[in-house]
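Coordinates in review
Here's the letter readout for the chains.
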Amino acid sequence: SPMGTGQVTSAGLTMDNKAWTAGGTAGGGTVVVNTSNESRLAGTFNFGLVATGGQTPAQVAISQGVFDIEL
């Protein structure tokens, strides 16, 4: 599922007092769900995130992200 300008999905990263986002009007990325059933949700993600304030770096890339959640 794509994320980016005009999409209703979004992603965020917060570290210390800094924050970056993707979706809405800035940044972008994808989330791929490989497994979805009553007991597990698993997949991968990649994001290009943009700073929400004046912090540096102005952009952050997250690649080869993985999630595997037991429900």
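Everything below is about the structure shown above.
This report concerns the structure included in the present document. (Residues numbered from 1 in each chain as written. Predicted model: local features only at pLDDT ≥ 70, side-chain atom pairs only at ≥ 80, totals over all residues. Heavy atoms only, no water.)

So, on to unusual backbone geometry. Excluding glycine, residues mostly have negative phi values, and the peptide bonds linking residues are mostly trans. In this chain, Thr 56 is followed by Pro 57 through a cis amide linkage whose omega measures 0 degrees. Even without being a glycine, Asp 16 presents a positive backbone phi close to 55 degrees. Tracing the backbone shows Asp 16 in the loop between strand 2 (11-15) and strand 3 (18-22). Judged by relative accessible area, which is 75%, Asp 16 ranks as exposed. One non-glycine residue, Gln 64, lies in the positive phi region at around 60 degrees. (Helix = DSSP H or I, 4+ residues; strand = E, 2+ residues; numbered from the N terminus. Buried < 20%, exposed > 50% of the residue type's maximum accessible area, 1.4 Å probe, protein only.)

It is worth spelling out the packing of aromatic side chains at this point. The final tally for this structure, using the stated rule, is two aromatic pairs. An angle of 25 degrees between the planes, with centres 5.3 Å apart, marks the rings of Phe 45 and Phe 47 as stacked. Relative accessible area serves as the criterion here: at 13%, Phe 47 is assigned to the buried category. With a centroid separation of 6.4 Å and an interplanar angle of 25 degrees, the aromatic rings of Phe 45 and Phe 67 are classed as stacked. Of the two residues, Phe 45 sits in strand 5 (residues 40-51) while Phe 67 sits in strand 6 (residues 59-70), which places them 22 residues apart along the sequence. (Phe/Tyr/Trp six-rings, centres within 6.5 Å; stacked < 30°, edge-to-face > 60°.)

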